[in-house]
Amino acid sequence: MFVQLHTPLIMCLAFTFCTCMFPGHHWGEWNDSQLLPTIQKLMKGYNRYLRPNFNEGPVEIGMSLDIASIDAISEINMDYTATIFLRQRWRDSRLVFPGNESISVDGRLVSLLWIPDTFIPDSKRSFLHDVTVENRLIRIFSNGTVLYALRITATIACNMDLTKYPMDRQVCTLQLESWGYNVQDVVFYWTRGNDSVRGLDTLRLAQYSVESYYTSVSEAVYETGQYPKLVLHFALRRNVLFFILETYVPSTLLVVLSWVSFWISQSSVPARTCIGVTTVLTMTTLMMGARTSLPNANCFIKAIDVYLGICFTFIFGALLEYACAHFYTMQNQTIEDLHRDLAREFNDSSGNGSIPIVSSNQPKNCVEAGSSTEEPAHESANSNTKTTGEPKEEKPGQGCSLSSVKEASRRAVSIFIVENPHNIDRHARTVFPTAFLFVNILYWLYYLFL
């Protein structure tokens, strides 16, 4: 019986306490009685759907930024991710109250005030931080000035020119525009010019360093009208030391390694072939690895691609050099064997017969040994003239043209004949390093100073 009477009594007391503490409370919405007395007076008759100075001129909104961090800069997606503190100031005459103090209110009361419709036009993804509560700040000053600050993380597009990658310099922007209010309603300005942006001077990035930055004020022109726009321009210089250690030094060492074959004997075919093929395959793997972190765009011929192509050309040229040297060595050895066999046959002969000796100028002529062999030739020539009675007419034009063609072909062939194939390696030891050094000087002068 006591328990049955005790439960309704507790419920009545709780209802009476809530009624006394929150009179006129409507669950699920704000009520003027919950606000401070000053805020209660300010909110009386306040219409958040109308901008300040309605029908009296545009609202001047000052902006300032704090760059907390730039988390990632992607060359593949051509964007960067930044966390910023955005602060906006404007004056609302409807919020003027006596005194010289300012009032900081809960960020959730932003739904009761008029706020600018500022947005980032180049943003791909963005969100407002909400740990432990939404990171908003609203501060109202006695002269009606409203300070509205919030923390945003956004992924913003940045058009990059990668022709000098990794010695490139990228200029990215952070734009702030008004979504619905045009220049007749809202005017944007930087509160302190270039000093309105902080954090970039002390920012530390993995691959970049902030070279310079500046602010500008402009207008965005769309089909629906002209809208105010603020732009932050900042230049990023890539740190090339990482790429020198990762790509440039290994590729240069591979080129130097391919020159080792010039000091190896040409008879060591497996050793020289192994060095050439290994360096070519390693260079190919290095080129494929350098392309994995870059966009596959045909319009960009990057500086690193040019250098890797130069190194690959020199490595492949060293392999071709050995192929040419080996070919001429085998050709020279074949000619020496032929001369040696002819000399042996000449020494073994009795001296009565004719032994053909190949000459470089007259390959089809043969030198006959012994004087007895010349007489039958003259006798046969005389007998032929006697029998025929008339000598045969020779065609001088045809013989001259045939001999000139043969002479020209011999000269053309003699250009490609190497008397000593070992000179190929001897010249390659000087030509390859000199050419590679000259190309490197031109490469670094062009991409660093032009």
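Provided above is the structure to which this section pertains.
About the cut-offs
- Residues numbered from 1 in each chain as written.
- Predicted model: local features only at pLDDT ≥ 70, side-chain atom pairs only at ≥ 80, totals over all residues.
- Heavy atoms only, no water.
- Helix = DSSP H or I, 4+ residues; strand = E, 2+ residues; numbered from the N terminus.
- Buried < 20%, exposed > 50% of the residue type's maximum accessible area, 1.4 Å probe, protein only.
- Lys, Arg positive; Asp, Glu negative; His and termini not counted.
- Salt bridge = Lys/Arg side-chain N within 4 Å of Asp/Glu carboxyl O.
- Polar contact = N/O pair within 3.5 Å; in protein donor to acceptor, adjacent residues only side chain to side chain.
- Contact = heavy atoms within 4.5 Å.
- Pairing = 2+ DSSP bridges.

1. With respect to the side chain of glutamate 177
Secondary-structure assignment places glutamate 177 in strand 8 (residues 169-178). Despite its burial, glutamate 177 remains without a salt bridge, the nearest opposite charge being carried by lysine 229 at 4.3 Å. Polar side-chain contacts of glutamate 177 include one of 3.0 Å to the side chain of tyrosine 222. Glutamate 177 has contacts with Asp117, Thr118, Phe119, Pro121, Phe188, Ala220, Tyr222, Pro228 and Lys229, leaving out every residue within four places of it along the chain.

2. Re unusual backbone geometry
Across the junction of valine 131 and threonine 132, the peptide omega takes the value -5 degrees, indicating a cis bond. Mapped onto the elements of the fold, threonine 132 is located in the loop between strand 5 (123-128) and strand 6 (136-141). Following tyrosine 165, the chain continues into proline 166 via a peptide bond in cis, with omega recorded as 5 degrees. Within the fold, proline 166 resides in the loop between strand 7 (145-157) and strand 8. Positive phi, close to 55 degrees, is recorded for methionine 78, a residue that is not glycine. Tracing the backbone shows methionine 78 in the loop between strand 1 (59-74) and strand 2 (79-91).

3. Some remarks on the sheet that holds strand 12 (residues 225-238)
With antiparallel pairing, the four strands of this open sheet are ordered in space as 4-8-12-11. Looking at the sheet topology across the chains shown, the edges are occupied by strand 4 (118-119) and strand 11 (208-222). Sheet topology places strand 8 next to strand 12; nine bridges connect them, and they run antiparallel. Bridge pairing in strand 12 links arginine 169 to arginine 237.

4. Focus: the pattern of salt bridges
Per the counting criterion, the structure on display carries 13 salt bridges. A salt bridge links arginine 51 to aspartate 185, with the nearest nitrogen and oxygen atoms 3.6 Å apart. Note that arginine 51 is positioned in the loop between helix 2 (37-43) and strand 1 and aspartate 185 in the loop between strand 8 and strand 9 (186-190), a separation of 134 residues in sequence. According to the relative accessible area criterion, arginine 51 is buried, its value standing at 8%. Here arginine 108 ties to aspartate 106 by a salt bridge, and the two come within 3.0 Å at their closest N and O atoms.

5. Looking at the pairing of strand 2
As paired strands, strand 1 and strand 2 are joined by eleven bridges and run antiparallel to one another. The residue bridging isoleucine 73 from the neighbouring strand is tyrosine 80, located in strand 2. Between strand 1 and strand 2, which follow one another and run antiparallel, lie four residues, and methionine 78 among them has a positive phi close to 55 degrees. As paired strands, strand 2 and strand 7 are joined by 13 bridges and run antiparallel to one another. Paired with arginine 91 across the strands is threonine 145, a residue of strand 7.

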